Amino acid sequence: MRIGWYINRLRSMSPAEILHRLGEHRRKVVSRRRDDGWQRYGSPHLHPVFHGLRGAVQANANADQRQAITAAAADTLEGRFSALGRTWPPRDRHRLFAAEAWRLDPVSGTLWPGPETHAFDVDFRSAGDRGDIKYVWEFNRLQQLPPLAVQWLLSGDGKCLEAIEAAIDSWHAANPPFRGVAWASGIEVALRAISLIVTLDIAGDKLAVATRGKTGEILAASAYWLPRFPSRFSSANNHLVAELAGEYLISLAFGSESVSARAALVTEVDKQILADGAGAEQTPTYAAFTAELILLCATAARQAGSPFPASVDERLAAFAEFAGWLPARGGGFGDDDEGRTLTLGDEPDYVRSVAAAIHGYLGMAGDAPAPGDFRALFFGAPSRQAPTPDGLRTFAQGGLSVWHGTMNGRRIDLTYDHGPLGYLSIAAHGHADALSLTLCIDDEPVLVDPGTWLYGSGREWRNWFRSTPAHNTLNIEGQSQSIISGPFNWSHKACATLVESQDGLPWKLSASHDGYKARFGVVHRRTVTGEVDGIRITDQLLGRSHKAEIVFQLAAGLEASREGGTVKVSRGEETLLTIRFPDGAVDIRAGGDAPGQGGWVSPRFGVRQPAPRLAWRGEVGRDGVAIHLAVPPRLSVPSDII
């Protein structure tokens, strides 16, 4: 696995990156001999980073937030932890943070390497029998600690302080620098440091002197690690933003702003949040994660009296506007590993929560955060409610068009993806989903992106959920538009082009991609047209005719029945959508033991559910194949039943 991974990555590297990797290897060799042990990382004097945070939390916490924080703290104090669709084995509340807890995979029940193994020798890219590395890293982010600190602040519960001290003391003892799985990735080093800084700003002066000293040592070791092994070149995506955020916030905690980390962060804002607000990585959740990290640093800089340039606020505002146009449910695309910076745990709408936090920080109108939203304690809430977006909006740089409106009295939310595969040479978190659609009816997902499932341990299923046949678009011979060459890599990338975006009635969108040109001699063009009671989708293959498959992946819990060339999509007794195909060559399947046998959706990381996949197969050429999606009126309820 490691040899294959390196070969595929080398194909994506420029000569400059290869030189960088060689230099990085030399630094790792030196680090193995020299950098271990806490004695090298003395605890400096620690300064507040988020000035006034404690007072703001006390002043602004509402009843819903207090209830949510109390519940999150109670879970931690009782030894309960859930993340990424899994619940960890319960821990003894009198021994919440045993040394083994930091290495436990909750799925396989096995332990990842600990202090006996140098971090650079941990093979986290090979699944083996340990499970997905994401799970053990999630627990090591220490994101359970800020809610405990807030709960102590609001309730005075001393058990919260005891749990914070137990966690920090245990982590310090079990994870000396730079040993074991917890130090194996820069993004993990950074997110853990951020959790500790926020915890200290809320409750630090109430923690034991020894615990504060150990926290300072963890931060000092992290400050040494982050600038020496940064994610650069093909790896410089959200990982780099997290690493720079960690480096910047640690410098403020040490009392001296890192000019280099600040400058690099400001540069990355323009690279990773595009001018129209979309994320460069082609996934809304990773864009939100990037925006949250930048927002946290911008807040700290403002409170330190050295605000970031106005251009940073402008990009954050652009992302928040982009997020406001996304469907409230079921409109996601690309990878989503549920990465967060400040969190209470499971969040149904992370993207909108970050958008609300940005509007609160900027004092702008926006969607109100959900009841109990944790970020609103830190950044505030929007100044007022923003109007609901309506009509057609095309985000040209991000490559996404969104239409909101009504058909037959029902609210319709549609997205059409005509963007690039992903960001940088490996497009690590993109999916082969050019010209795919999602559709929500009355805020309920109907046609959906399949989701993510798993990363390192996903194996062939990881490839399926990223593939073109899993998405609501056309494929040829079951092959993807872009060619997969590893769990986070591609050897060939389709290039999509927006042809037309026309608002009004009828509204119209047209785009094409060249992913099949080299292999099959064709360019795929899809035109989507709004009609009074539905949507017409026309797929063309420009170049020559070819047998193709056009897929519609339904959300879990929906049913599909076919009569001739017409498929009715329903939930219970109610018909949500009628899809009229050119003929009856439509296959409807859900589930299956192997990828491609039927439909699967992953509503969140680590969760997989069977769901109907509609697949029409036939000849497609320049004249095109038209498919009509009709939206029936809402099912009326007889007056004598009311």
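You'll find the structure just up there.
Each value, and the rule that gives it
Residues numbered from 1 in each chain as written. Predicted model: local features only at pLDDT ≥ 70, side-chain atom pairs only at ≥ 80, totals over all residues. Heavy atoms only, no water. Helix = DSSP H or I, 4+ residues; strand = E, 2+ residues; numbered from the N terminus. Rg over C-alpha atoms; globule rule 2.2 N^0.38 Å. Buried < 20%, exposed > 50% of the residue type's maximum accessible area, 1.4 Å probe, protein only. Pairing = 2+ DSSP bridges. Axes fitted to C-alpha atoms, helices over the stretch in contact; angles between N-to-C directions. Left-handed = near helix turned anticlockwise from the far one by under 90°. Contact = heavy atoms within 4.5 Å. Nonpolar A, V, L, I, M, F, W, Y, C, P; charged D, E, K, R; others polar. Patch = residues over 30% accessible without salt bridge, like charges linked within 9 Å, V, L, I, M, F, W, Y side chains within 5 Å. Areas by Shrake-Rupley, 256 points an atom, 1.4 Å probe, with all protein chains shown as cover. Salt bridge = Lys/Arg side-chain N within 4 Å of Asp/Glu carboxyl O. Expected span 1.5 Å × (residues − 1).

Enquirer: Just to check I follow, could you spell out the overall build of the chain for this structure?
Expert: Of regular secondary structure, the chain possesses 17 helices and 23 strands. Expected size for 642 residues packed as a compact globule is a radius of gyration near 26 Å; at 25 Å, the chain falls within 12% of this value. Principal-axis analysis of the C-alpha atoms gives the chain an extent of 75 × 60 × 45 Å. For the chain, with 642 residues in total, the buried portion stands at 60%.

Enquirer: Sorry, what's going on with the sheet that holds strand β12 (residues 508–513) here?
Expert: Backbone-to-backbone hydrogen bonds pair the strands of a sheet. The strands run either parallel or antiparallel. If you walk across this open sheet you meet the eight strands as β11-β12-β13-β14-β23-β18-β17-β16, and the pairing is antiparallel. One side of each edge strand has no neighbouring strand; the edge strands of this open sheet are β11 (496–502) and β16 (559–563). Strand-to-strand twist across the sheet, computed as the mean angle between neighbouring axes with direction ignored, equals 15°. Relative to strand β18 (residues 574–580), strand β17 (residues 566–571) runs antiparallel, the two being bridged by six bridges. Bridge assignment links Arg571 to a residue of β18, and that residue is Glu574.

Enquirer: Quick question: what am I supposed to make of the packing of helix α8 (residues 186–203) against helix α9 (residues 209–228) here?
Expert: The description of two helices packed together rests on the angle between their axes and the distance between the axes. The contact between α8 and α9 brings their axes to 10 Å, and the two run at 145°. When the axes of α8 and α9 are compared, the crossing they make is left-handed. Contacts from Gly186, Val189, Ala190, Ala193, Leu196, Ile197 and Leu200 of α8 reach α9 at Arg212, Thr215, Ile218, Leu219, Ser222, Trp225 and Leu226. When grouped by side-chain class, the residues that make up the contact of α8 with α9 number ten nonpolar, three polar and one charged.

Enquirer: Is there a simple way to explain a nonpolar patch on the surface in this structure?
Expert: A contiguous nonpolar surface patch, about 370 Å² in accessible area, is contributed by Leu10, Ile18, Leu19 and Leu22. Looking at which element gives the most residues to the nonpolar patch, the answer is helix α2 (residues 15–34), with three residues. Counting through the fold element by element, Leu19 comes out in helix α2.

Enquirer: Looking at this model, I keep getting lost on α8. Mind explaining?
Expert: Counting along an α-helix, one turn takes 3.6 residues, and residues three or four places apart therefore face a common direction. A rise of 1.5 Å per residue sets the reference length of α8, with its 18 residues, at 26 Å; its end C-alpha atoms lie 26 Å apart and thus fit the reference within 8%. Most of α8 sits out of view: 18 of its 18 residues are buried.

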